[in-house]
Amino acid sequence: MVWLIDNFITVVDGVAFGLLLFTIAIGLSLILGVLDVLNLAHGALYLVGAYVAVQLLGGRTASMWAYLLALIVAVVIGLGAGTGLAVMMRPLARRGHLDQALASLGVALVAADLLSAVFGNEVHTVPAPGFLAGKFTFLGYTYPAYRIAVILLGLTLAVVVYLVVERTRIGALARATVVDGPMVRAMGVDTRPFVAGLFAFGTVLACVGGVMGAPILGAYPGLDQYVLILGLVVVVVGGVDSVLGTLFGALVIGQVEVLGVSLLPKFASFLVFATMTGALLLRPRISRLQAVAA
Amino acid sequence: MQGKGRASRLLGCVVVALLLAGCGSSLTAATIASGSVKVGLLIPQSGVLAAVGTDISRGFHLYLSQHGGLLGGRKISLVTADEGAGPDTGVPAGQRLIQQNQVGVTVGVVNSATALGLIQPYNEAKVPLVIATAGANALTGVHASDYIWRTSFSNANLGASMGDYVAKQVGPGTVYLIAPDYAAGHEQIAGFQQAFQAAGGHVAGSAFPSFGATSNYQPYLARIQQSGANAVFAFFSGVEAISFVRQYKDFGLSPEIPLYATGPVTEGNVLRGEGAAALGIRTGLNYCTELNTPTNRAFVAAYGAAYHDPPTVFAVAGYDAAHVLDKALAGATSGAQVVAGLRQLGDIDSPRGTWRFSPTHNPIQQYYLRGVSEQNGTLVNVLAGKLTNN
């Protein structure tokens, strides 16, 4: 218990990072789970959002209005990118998952290069906006106010996505398409706008995640790969079948990246992948337990 | 029949190509012997230390432009190569400069591991390498060699420059040491610790976050607070400095626990990225833009006019590299003669003050105490005094 008190702030920071990862991973998970498409452009979209934040919030201080504008711009870009990607994926659907993944990887590489050409190779940092640039002190601990905002935003997002997927007609449609897509279409439901809509939702989350994460992670070439890898690990650990699974996976990886690095700095690079390997090895056992319980 | 003839011709071509490649060093000598000299500029153009590379390049180009593109009366043709983020890209790039571009001299190198990896190739090819930032002690210490020269500083000297001062500031209190987990980090901390403890200082603990892979310093900041240290001594470079300094403020360590550091933590655009979080940090470095000498005033003005930015210690190292080559290239017809020229240099009048090469080719120079404060809306490293020379 004493250990927990000593490392309390680190654990909280792990939760903040985990919820930021959730924002990125849920889009990836939905696109992969429902549409069966591995969107490798997800990291690049995060980076686009981060550079939007650099452009609008860069400098010593930033206003809340600039931050809100950055979020709106990220949503617009995300919508455009999502629709574009969905249209691009349609003719490739017949050629299988690998071709779709490679096409998205191509988009990712081009986008990353364009961003490097426009913004340069330097690392950019972004200040937290307005009053969120302050500190929050409780019980003798100091914690940046912005990261608390990220925790609250992440939790809100998790609740909203969970309710939409589990409690609305659109969500039911999504879950039905996962189970039996042709049957859904046979029932007369045109799945094409639905597919584009879901893609756009995922990419909007990636871009918004980039704006949200900019005051914490900054923006620089290579960040897209870091974010994509962590997102994929979260999806592997949490599974693609449920929002709660993705949330669990994100929180676990968030703790591993923050608390794990603090406790085991020598193994920092390996911890995330060790967790993923552990999850893969334990997955069959857990599914069997769930089947027995059901 | 035809196949055999073609195969033997191909083999002949391969043999000739190998022979030509083996003649690399003699072609290098020819490069200096003729009128113009090819100079290689090996700097990081991407990654966490790209800004340092830009500064070195700017300093070097400024000296060239002030002297009509000539060094030692010889026209200079510059070949810029990207050393990348580490030795796996830097060492091949440095070798390509000798073998493919046949440069007469190379200047630059920011990554110490890269510099260490180039000692053997450059000594074998008899091409001088003038290092303009890489701080590894061994470059002018255990592995000092004829063809490796440095115009910046060694990690041990830089770290040690603050030892005496911090010991006096902290008195009976303790200091926590932190730097990235690579050669430069360990050497600067070791240099500081030696001088600090010799002056009666006490160390509370130390931490070495992994280099280039850490963006969240909160766990280390928590450990600093738990150790009860009265002050922190740190070294970070580039984006890691920005992250560390901002998080030092975000997580409440500033201003309760004073932060002392070596210069790179608040140099150049790193200071801009840190913003108000850097106020009050005291650093030691072999250069300060506020030095009130005619040479420095002229240099700062010229640099500002050319690049619309204040110069940094890295720019001074690049500028002085051009300066020493200007003296040593005059009348030289081989790498060995350039080295002889460098050996004969006495005191060098530089924006940083007057300095000279030590017997192992490292600068013997004055270190200055600087403090970050705000002047006319911009952050500046203000000159706060001179540090005792080790």
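Everything numeric in this text was worked out from a predicted model, so none of it was measured.

What to know about the overall build of chain A
(1) Moving on: Along the backbone of chain A there are 11 helices and two strands.
(2) Moving on: In chain A, the order of α-helices and β-strands from amino to carboxyl end is α-α-α-α-α-β-β-α-α-α-α-α-α.
(3) Moving on: Seen along its three principal axes, the alpha-carbon backbone of chain A occupies a region of about 60 × 50 × 35 Å.
(4) Moving on: By residue count, 46% of the 294 residues in chain A fall in the buried class.

As for the overall build of chain B
(1) Moving on: A tally of regular secondary structure across chain B gives 14 helices and 16 strands.
(2) Moving on: What you see for chain B is a C-alpha radius of gyration of 22 Å, in line with the 21 Å of a compact globule of 390 residues.
(3) Moving on: Once the C-alpha set of chain B is aligned to its principal axes, its extents read approximately 85 × 50 × 40 Å.
(4) Moving on: Here chain B, with 390 residues, has 53% of them falling under the buried criterion.
(5) Moving on: Nonlocal contacts in chain B, meaning residues at least 24 apart in sequence, comprise 71% of its contacts between residues at least 6 apart.

Brief notes about the pairing of strand β4 (residues 105–108) of chain B
Residue and element names in this part refer to chain B.
(1) Moving on: Residues V105 and V107 point to one face of β4 and T106 and G108 to the other, with burial holding for every one of them.
(2) Moving on: Direction of pairing for strand β1 (residues 37–43) relative to β4: parallel, over a ladder of four bridges. Paired with L41 across the bridge in β4 is V107.
(3) Moving on: Bridge analysis of β4 against strand β5 (residues 129–131) gives three bridges, and the strand direction is parallel. In the strand pairing of β5, T106 is matched with L129.
(4) Moving on: Each parallel crossover has a hand, and for β4 linked through helix α5 (residues 112–125) to β5 it is right-handed.

Things to note about helix α4 (residues 64–89) of chain A
Residues and elements named next belong to chain A.
(1) Moving on: Between its terminal C-alpha atoms α4 stretches 37 Å, which fits the 38 Å expected from 26 residues at 1.5 Å a residue.
(2) Moving on: Inspection of α4 places Y67, A70, A74, I77, G78, A81, G82, L85, A86 and M89 among the buried residues, and these make up the whole buried set.
(3) Moving on: In the core, the buried residues of α4 are packed alongside α3 (42–57), α5 (97–119) and α8 (191–217).

Digging into the sheet that holds strand β12 (residues 348–350) of chain B
Residue and element names in this part refer to chain B.
(1) Moving on: What the three strands build is an open sheet, ordered β12-β13-β14; its pairing is antiparallel. The open sheet has two edge strands, β12 and β14 (363–364), and neither has a second partner.
(2) Moving on: With three bridges joining them, β12 and strand β13 (residues 353–357) adopt antiparallel strand pairing. If you follow D349 over to β13, its bridge partner there is T354.

What to know about the sheet that holds strand β15 (residues 367–375) of chain B
Residue and element names in this part refer to chain B.
(1) Moving on: The strand order β8-β7-β9-β10-β11-β15-β16 describes an open sheet built from seven strands, whose pairing is mixed. Lying at the two open borders of the sheet, with one neighbouring strand each, are β8 (202–207) and β16 (378–387). Each neighbouring strand pair of the sheet contributes to a mean axis angle of 25°, computed without reference to strand direction.
(2) Moving on: Note that strand β9 (residues 231–234) and strand β10 (residues 259–262) share three bridges and pair parallel. Each residue of the ladder has a partner; that of V232, found in β10, is L259.
(3) Moving on: Lying on the sheet, helix α8 (residues 183–198) is in contact with β7 (174–178), β8, β9 and β10; it crosses β7 at an angle near 165°.
(4) Moving on: Contacts between helix α9 (residues 218–227) and the sheet are confined to β7, β8 and β9, with β8 contributing the most and set at about 160° to the helix.

Quick look at the interface of chain A and chain B
(1) Moving on: In this assembly, 23 residues from chain A lie in contact with 23 residues from chain B.
(2) Moving on: When its residues are assigned to classes, the side of chain A that touches chain B shows 11 nonpolar, seven polar and five charged.

Thoughts on the packing of helix α2 (residues 8–35) of chain A against helix α6 (residues 145–167) of chain A
All names here are of chain A.
(1) Moving on: Relative to each other, α2 and α6 sit at 40°, their axes nearing to 8 Å. Put simply, α2 runs oblique to α6. Our pair here, α2 against α6, has a crossing hand that is left-handed. For the pair α2 and α6, contact is made by D13, V15, A16, L19, L20, F22, T23 and I26 and by R147, V150, I151, G154, L155, L157, A158 and V161, respectively.
(2) Moving on: In terms of residue class, the contact of α2 with α6 is made up of 12 nonpolar, two polar and two charged.

Focus: the environment of V233 of chain A
Residue and element names in this part refer to chain A.
(1) Moving on: Looking at the element boundaries, V233 is found in helix α9 (residues 223–238).
(2) Moving on: Sequence separation between V233 and A186 is 47 residues, and the spatial gap between their C-alpha atoms is 35 Å.
(3) Moving on: Beyond its immediate sequence surroundings of up to four residues, V233 is in contact with I253, V272 and M276.

Focus on the pairing of strand β11 (residues 282–285) of chain B
Residues and elements named next belong to chain B.
(1) Moving on: The alternating pattern of β11 places R282 and G284 and T283 and L285 on opposite faces, both of which are buried.
(2) Moving on: Relative to β11, β10 is paired through three bridges, and the arrangement is parallel. Its bridge partner lying in β11, T262 is registered against G284.
(3) Moving on: Once you follow β10 into helix α11 (residues 269–274) and on to β11, the crossover reads as right-handed.

Looking at the domain arrangement of chain B
Residue and element names in this part refer to chain B.
(1) Moving on: You can read the domains of chain B as domain 1 (32–153 + 294–357) and domain 2 (157–285 + 368–387).
(2) Moving on: Domain 1 and domain 2 are separated by 28 Å when their C-alpha centres are compared.
(3) Moving on: Sorting the residues of the side of domain 1 that touches domain 2 by element identifies α3 (50–66) and α5 as the ones contributing at least two each.
(4) Moving on: For the side of domain 1 that touches domain 2, the element with the highest residue contribution is α3, accounting for three residues.
(5) Moving on: For the side of domain 1 that touches domain 2, the class distribution of residues is eight nonpolar, four polar and one charged.

What counts as what
- Residues numbered from 1 in each chain as written.
- Chains lettered and ligands numbered in written order.
- Predicted model: local features only at pLDDT ≥ 70, side-chain atom pairs only at ≥ 80, totals over all residues.
- Helix = DSSP H or I, 4+ residues; strand = E, 2+ residues; numbered from the N terminus.
- Buried ≥ 20, exposed ≤ 12 C-beta atoms within 10 Å, placed from the backbone.
- Rg over C-alpha atoms; globule rule 2.2 N^0.38 Å.
- Contact = placed C-beta atoms within 7 Å.
- Pairing = 2+ DSSP bridges.
- Right-handed = clockwise from strand over helix to strand, strands pointing away.
- Expected span 1.5 Å × (residues − 1).
- Axes fitted to C-alpha atoms, helices over the stretch in contact; angles between N-to-C directions.
- Nonpolar A, V, L, I, M, F, W, Y, C, P; charged D, E, K, R; others polar.
- Parallel < 35°, antiparallel > 145°, perpendicular 65-115°, else oblique.
- Left-handed = near helix turned anticlockwise from the far one by under 90°.
- Domains from an automatic or database assignment.

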